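Read off the chains here:
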Amino acid sequence: MRARRLSGLLKKGDHVAVSNVTGREASGVSVMSQRYANNIVGGWALGKGRQTIQVPGCSGIPVFPTCAELYAELPKSQHPNKVVIYSPPTAVYGEVKEVLDHGGANLRTIFIVTEHVSIEVTAKIYSLCKGASVDVLGCNTLGVINAHEHVRVGAVGGDSPEETFRPGSATIISNSGNMVNTIATYMLSAGIGTHFGISTGKDVLILTPLVEYLKLAAASEQTRLVVLYVEPGGLYESEAVEWMRKTEFDKPVLVYVAGRLTEGRNISLGHAGAVVEGPETSASGKMAAFDDYFGVGPFDPGDRGHQHSADKLRRGIRVTTLHHLPEAAKLICNALGWKPDFPVRQPLKLNPWFINFRGLGDKLPASLYLHQVKIPEPYHAQFARHIKESFGLKPARRDMRNVSHASALDDVARVYGYGLPELMQTRSFGEVLILYWTGELPRHDFEARLVEMCLTASLTNGPGTISAQGGKLSASAGNSPHTAMIATLATIGEVHGGNGRKGVRYLVKVFRDLGINDPYAPDTGVDLGELAQQTARRFKKTKDAAKESGVGYERIPCLGHPVFNDQPVNYDPRERIIYKAFEDAGRRNVFLDFYHELARALRDVGAANKIWAVNMDAALASVWLGICWVPLMEKRITLTRVEDCSFLGFALGRAAGGAAEFLDHQDYGTPMDMRLPAKECEALTRPRKLQ
Amino acid sequence: MPIQIAELTFLEQLARRFNLPVPEHLDADASRAEVRQALARWGGKGVVKADVMGGGRGKAGAVKVVSDAHQAMQELRRIATMEVKGRQARTAYITQYLPSDTQIYSVITYDSRFFGPSLTLSMKGGVDIESVGPGDKRTLPVDVFKGLDAYQASELLTQLGCPKECISIMSQTLVNFWDMFISTGMRMCEVNPWRVSADNKPYACDFKAVFDAANFKIKNPDLRFPEYPESVTDFEEDMAAWDAASYRGQAHGSELGGDMILPILFGGGASTIIAETLEIAGGSPMFLSDFGGNPPYERMYGTAKRCFDHNLHRASLLLILGGKANNTLIDVTFQAIGDALLHYTEERGPLDIPVVIGRGGPRMVPGFIAMREMLENVRLPYVMFGHDTPLTLVAEYAARLARFIRQQKEGHDESQAAVRSSKEG
């Protein structure tokens, strides 16, 4: 091996490059690694390149189209000495060849993370790397972490490596990547941190064998203790045991051997599928080899006999269950008179974070009945925050390129599973629109009618609105009719037309914790008058404080109207129609009712000198929030979608209105008639000349 | 399950292609007349064998020397339906009987000592190679780029004391043997034994090979892998096909024969440890699974759905357990498992088994919240552990809880039966 001690595998100052860096896994892991170690100088991705993967708070990762271009374009001082291969299995051989061709003498180590690389290719990679004097880890390694120098390659430690890998005296060498992280977590309870965490890879051929890692550990002062996680297959351990015995390896080893389960069974699973080259390669064979080397039987937590025998534990001990590792480590530390790396934490035990036994709890004996413990920080705070923020559906993200919940096409086109022909024949446009936008058919007949009324109300507010002007401008320019809709949509946004979305956001903030199950119920159990009074008083306090300080403040959305504003009590006639429609259906809408109570309360508390009109945007927000409230509470729909439905309800109506302005303007207008004469335009900048 | 073939497939598809000398053979469909003619041609003797995966045919009586057509036809029928060490034969076939004083063992495999392929030979062929002493066998590392040359094979045969007359032809044959190994994507192939005829010609008289599923060469259309009956359950078959459908995330599942805990386990290492712990603690896990490797949503959903569809109806406890993930996104995997569980209950009605969960890793907090909400929705009892509880402790607890649930259920069933019988009485 080219490395002489563990830091030869990875240390601060190493320059790391990543193949296929824009891939799903590589990009995510590289961003996390860069945040932790800031050691990635670049990556390459065939057919991509000329971009930078942004990493908040530290250097971005430049992406090159090929390995050759990475070497050609990076300054020589930045040339990578460590390369991580994330390419698909069929590309791995070619990538390694490229790296060896371009890496030169500076290249020290290649880490192959890719899984499912064929054994033949793995053997060829070994041969190539050996010829080039380059160390190679993998295939199927998860990477390596050097906790002392705060650097890693690959994904060891996940998204929070600092949490698990506190600098300490144990080097963990594991056939399983997950076990590196898991064992390091458990060792913390014994007060033992990590020097190096190494995922060896778990394929049939492990290209850097255990004995080589032990040689590096022997030469590394910071490593006092070696922890091994071992699986069946290969002669790596018997070779290592022979070497430890021969060289009188002076660091104690803790070992857990898994895989006995597969013996006598025709199971080939994960690492256990390694070629068996004889009985020494089986789990039982490896257990026996280690026990023989240690000279003591496996760790038994009930047996205190080991504790006083420093000599017996000098070589280490095998544990038979994973959660005995910290206890066994403490035993070794005590026997050898070592202090732990940091204060010993609570011993490992069952710590349930969430429990609901339901009826089963009454039947369980005390030995099985568990009590919830306090979730440790920072997770307790994170859970509290997430639960507080969690409102509506929080779906897991996925690749949506070629899939859709909203539509399908098999024998017929479908909307959320319903056949379009059937919908055409039996449902109104309003009903199908609700289905298409929310994923669910309306629960009440009147909801579809209300949506259609909102669409009608949104069609126009006169030719002077900027959205209507958009349609007219398009006609004046001689464009095609569809561009009128585009122009209309391009002129609506947060300020014009987006108030409904703000209204939904505001109403959810007010109502989310009030336990309303049915927003149309005659009595929702909420005293709307009192709620409005409290809200109005809070608003007045904020408004007064802001005015006193001479700063702006956040207005209540959807109250007031530019035209209907000169009476002691003002109404938006379109909103009245929506309001009456609820009454005609024998229902209330708790949100719209609240808006009216709020308008009155604002006047009562002196925040307004008259009762502002509850405008059409409030009606839109209330209608869509009413439709979506139950799915939202039952987490079948996201809050963002509800906000957007309200906005889209306006946009859809107004786009049709913009089309109408276009049709009218096209028939009767003259070309370019929307152009303002130059004489009517005033320059606000004086003419200037270039020097 | 690894892709394997046995002698009959070798005889039918590979031997001729790689110019490897083999005895003549007839399959079980051969007519009585064809068998009679063949026996006459072969000097009156043939060997009827079961086409079954795995060893132990001889001891099980699934290899029989026959000396007339009537006996051959009887044995072909009998052996074709035999079971050897719990494995059903696919069919039977008859080969030429080749008496020989020289029997050579050969295997090519990837060898962890050399980080590449190796050839092992012994002149003590025809017996279990593990019973052959180290002095009677030799292993030679083979350069994976250059391959095996006849000179190397000849050296090895000479060292082992192979009769001089057959060294040359045997060396050439071993080169062809290597060609087959490397050309077809095998990870191990064994001939045991090569029987050397009186004219010093070696014949491959038994064969087995394991292929590397990751090697593209196995996709050669000329190579068809036979299906062996009852070697896998419907669940294993379904999972194997699903696993092979994508390399994004693991989807292994191998039956363990248990009937209490349905384990959705993550990580090759963690899953082995958990399954072992469950077995030791009497949790009777149904299968060994490894669903790590950061599966995307649709992959995890499909995996969980298959596990539930095949097994959930007979489970006493659902266990979702893994170590502290480095890479696998907990929210994505938990959302997918939760959705699969929800859809299962929507399709098949409510469940009444407890769910025990233990996990840590990236995006754990939203993952736990999503899972808890789903479990509340489907009204299942649950316990969720974070990564501060060792997975082996969680597995032990799950095993104890599952045993309790099973005892409760059996007690309930017994009392129901007692009520029924007293009513009938």
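No experiment lies behind these values; they were computed from the predicted model shown.

Novice: What is the right way to look at the overall build of chain A in this model?
Specialist: Broken down by element type, chain A carries 24 helices and 18 strands. In terms of overall size, chain A is more extended than a compact globule, its C-alpha atoms giving a radius of gyration of 35 Å where 691 residues would be expected to give roughly 26 Å. Along the three orthogonal principal directions, the C-alpha set of chain A runs to about 100 × 75 × 65 Å. Each of the 691 residues in chain A was classed as buried or not, and the buried ones make up 47%.

Novice: In this structure, what is going on with the domain arrangement of chain B? I would like to understand it.
Specialist: You'll often see interface size given as the accessible area lost when the parts meet. All names here are of chain B. By domain assignment, chain B separates into domain 1 (1-20 + 100-227), domain 2 (24-97) and domain 3 (234-418). Using C-alpha coordinates to define each centre, domain 1 is positioned 24 Å away from domain 2. Taken together, the contact between domain 1 and domain 2 spans 6 residues of the former and 6 residues of the latter. Of all the secondary structure elements, the ones that give two or more residues to the side of domain 1 that touches domain 2 are β1 (3-6) and α1 (7-14).

Novice: How should the nonpolar core be read in this particular structure?
Specialist: One broad rule of soluble globular proteins: the nonpolar side chains tend to lie buried together. Ranked by size, the top nonpolar core spans 247 residues in total, and within it Met187(A), Leu325(A), Ile261(B), Leu317(B) and Ala398(B) carry the most contacts. A per-element tally of this core places helix α11 (residues 391-424) of chain B first, with 9 residues. Discounting residues that sit within four places of it in the chain, Leu325(A) has contacts with Ile183(A), Tyr186(A), Met187(A), Val227(A), Leu254(A), Tyr256(A) and Val319(A). Of all hydrophobic cores here, the second largest spans 67 residues; its members include Ile434(A), Leu455(A), Ala457(A) and Ile556(A).

Novice: How do you make sense of the sheet that holds strand β15 (residues 352-356) of chain A when you look at a structure like this?
Specialist: Neighbouring strands of a sheet are bound in pairs by backbone hydrogen bonds; such pairs are parallel or else antiparallel. Strand order in the open sheet formed by 5 strands is β15(A)-β19(B)-β18(B)-β17(B)-β15(B), and the pairing between neighbours is mixed. Since the sheet does not close on itself, it has two edges, and those belong to β15 of chain A together with β15 (261-266) of chain B, each with one partner. Sheet twist, expressed as the mean angle between neighbouring strand axes with direction ignored, is 15 degrees. Pairing analysis gives 4 bridges linking strand β18 (residues 355-360) of chain B to strand β19 (residues 382-385) of chain B, with the strands arranged parallel. Pairing of Gly358(B) across the sheet is with Phe385(B), part of β19(B).

Novice: Where do I start with the domain arrangement of chain A in this structure?
Specialist: Residues and elements named next belong to chain A. Partitioning chain A into structural domains gives domain 1 (1-142), domain 2 (166-349), domain 3 (352-390), domain 4 (407-445) and domain 5 (466-668). Relative placement of domain 4 and domain 5: their C-alpha centres are 26 Å apart. The interface of domain 4 with domain 5 comprises 7 residues on the first partner and 7 residues on the second.

Novice: Looking at this structure, how should I read the pairing of strand β4 (residues 61-64) of chain A?
Specialist: Residues in a regular strand project their side chains so that they alternate between the two faces of the sheet. All names here are of chain A. Taking every second residue as pointing to the same face, both faces of β4 are buried, with Ile-61 and Val-63 on one and Pro-62 and Phe-64 on the other. Relative to β4, strand β2 (residues 40-44) is paired through 2 bridges, and the arrangement is parallel. Each bridged residue has a counterpart across the sheet, and for Gly-43 the counterpart in β4 is Val-63. With 3 bridges joining them, strand β3 (residues 51-53) and β4 adopt antiparallel strand pairing. Bridge assignment links Thr-52 to a residue of β4, and that residue is Pro-62.

Novice: Explanation requested: the pairing of strand β17 (residues 317-324) of chain B in the structure shown.
Specialist: All names here are of chain B. For β17, the buried fraction is high: 8 of the 8 residues fall into the buried class. In this sheet, β17 lies alongside β15 in parallel orientation, the contact comprising 6 bridges. Bridge assignment links Ile-261 to a residue of β17, and that residue is Leu-317. Of the pairings in the sheet, the one linking β17 to β18 comprises 5 bridges and is parallel in character. Within β18, the residue paired with Leu-321 across the bridge is Gly-358. Since β17 and β18 lie parallel, the crossover through helix α9 (residues 330-348) that links them has a hand, and here it is right-handed.

Novice: Would you take a moment to explain the packing of α9(B) against helix α10 (residues 364-377) of chain B for this structure?
Specialist: Two numbers describe a pair of packed helices, the interaxial angle and the distance between the axes. Residues and elements named next belong to chain B. One can describe the packing of α9 onto α10 by two numbers: an axis separation of 7 Å at closest approach and a directional angle of 10 degrees. As the angle between them shows, α9 and α10 are arranged roughly parallel. When α9 is examined against α10, the residues Ile-330, Asp-331, Phe-334, Gln-335, Gly-338, Leu-341 and Leu-342 are found in contact with a partner set consisting of Met-364, Pro-366, Gly-367, Ala-370, Met-371, Met-374 and Asn-377. Across the contact of α9 with α10, the residue classes tally to 9 nonpolar, 4 polar and 1 charged.

Novice: Is there a simple way to think about the interface of chain A and chain B in this case?
Specialist: Listed per partner, the contact involves 84 residues of chain A and 79 residues of chain B. Looking at the side of chain A that touches chain B, the elements with two or more residues in it are α1 (24-37), α3 (89-103), α4 (119-131), α6 (177-188), β15, α12 (360-363) and α13 (379-389) of chain A. Considering every element that reaches the side of chain A that touches chain B, the biggest residue donor is α6(A), with 7 residues. Residues belonging to the side of chain A that touches chain B are distributed by class as follows: 41 nonpolar, 28 polar and 15 charged. Pairing analysis gives 4 bridges linking β15(A) to β19(B), with the strands arranged antiparallel. Its bridge partner lying in β19(B), Phe354(A) is registered against Met384(B).

Novice: Help me understand the sheet that holds strand β3 (residues 46-51) of chain B, please; the structure alone is not making it clear to me.
Specialist: All names here are of chain B. The strand order β2-β7-β3-β4 describes an open sheet built from 4 strands, whose pairing is antiparallel. The strands lining the two open edges of the sheet, one partner per strand, are β2 (25-27) and β4 (63-66). Direction aside, the axes of adjacent strands within the sheet are offset by 25 degrees on average. When β3 meets strand β7 (residues 91-96), the two strands line up antiparallel, connected through 6 bridges.

Novice: Any chance you could explain the environment of Ser220(A) here in plain terms?
Specialist: All names here are of chain A. Take Ser-220: it is sitting in the loop between α7 (210-218) and β12 (225-230). Ser-220 sits in the buried class, given 20 other C-beta atoms within 10 Å. When the C-alpha atoms of Ser-220 and Ser-30 are compared, they prove to be 27 Å apart, with 190 residues separating the residues in sequence. Beyond its immediate sequence surroundings of up to four residues, Ser-220 is in contact with Arg-5, Leu-6, Ser-7 and His-195.

How each quantity is defined
Residue positions are counted from 1 within each chain, in the order its sequence is given. For naming, the first written chain is A and the first written ligand is 1, with later ones following in the order written. Under the rules for a predicted model, residues below a pLDDT of 70 receive no local features and side-chain atom pairs below 80 are neither given nor counted, while totals for whole chains, interfaces and linings still include all residues. By the criteria applied, helices consist of DSSP H or I runs no shorter than four residues and strands consist of E runs no shorter than two, each listed in order from the N terminus. The globule rule used for comparison is 2.2 Å times the number of residues to the exponent 0.38, while the radius of gyration itself is calculated over C-alpha atoms. Counting other C-beta atoms within 10 Å of its own, a residue is labelled buried from 20 upward, exposed at 12 or fewer, and partly exposed in the gap between, with every C-beta atom placed from the backbone. Either an automatic procedure or a domain database provided the assignment from which the domain bounds are taken. Remark: residues whose backbone-derived C-beta atoms lie within 7 Å of one another are considered to be in contact. A set of buried residues qualifies as a nonpolar core if it consists of Ala, Val, Leu, Ile, Met, Phe, Trp, Tyr and Cys joined through C-beta atoms within 7 Å. Here, a strand pair is defined by DSSP locating no fewer than two bridges between the strands. Axis definition: a line fitted to C-alpha atoms, limited for helices to the stretch in contact. Angles are taken between N-to-C directions and run from 0 to 180 degrees. Whether a crossover is right-handed comes down to one check: with the strands pointing away from the viewer, does the path from the first strand over the helix to the second run clockwise; if it does, it is right-handed. Roughly parallel here means an angle under 35 degrees, roughly antiparallel means over 145, roughly perpendicular means 65 to 115, and every remaining angle is called oblique. Side-chain classes are defined by residue name, with Ala, Val, Leu, Ile, Met, Phe, Trp, Tyr, Cys and Pro counting as nonpolar, Asp, Glu, Lys and Arg as charged, and the others, Gly among them, as polar.

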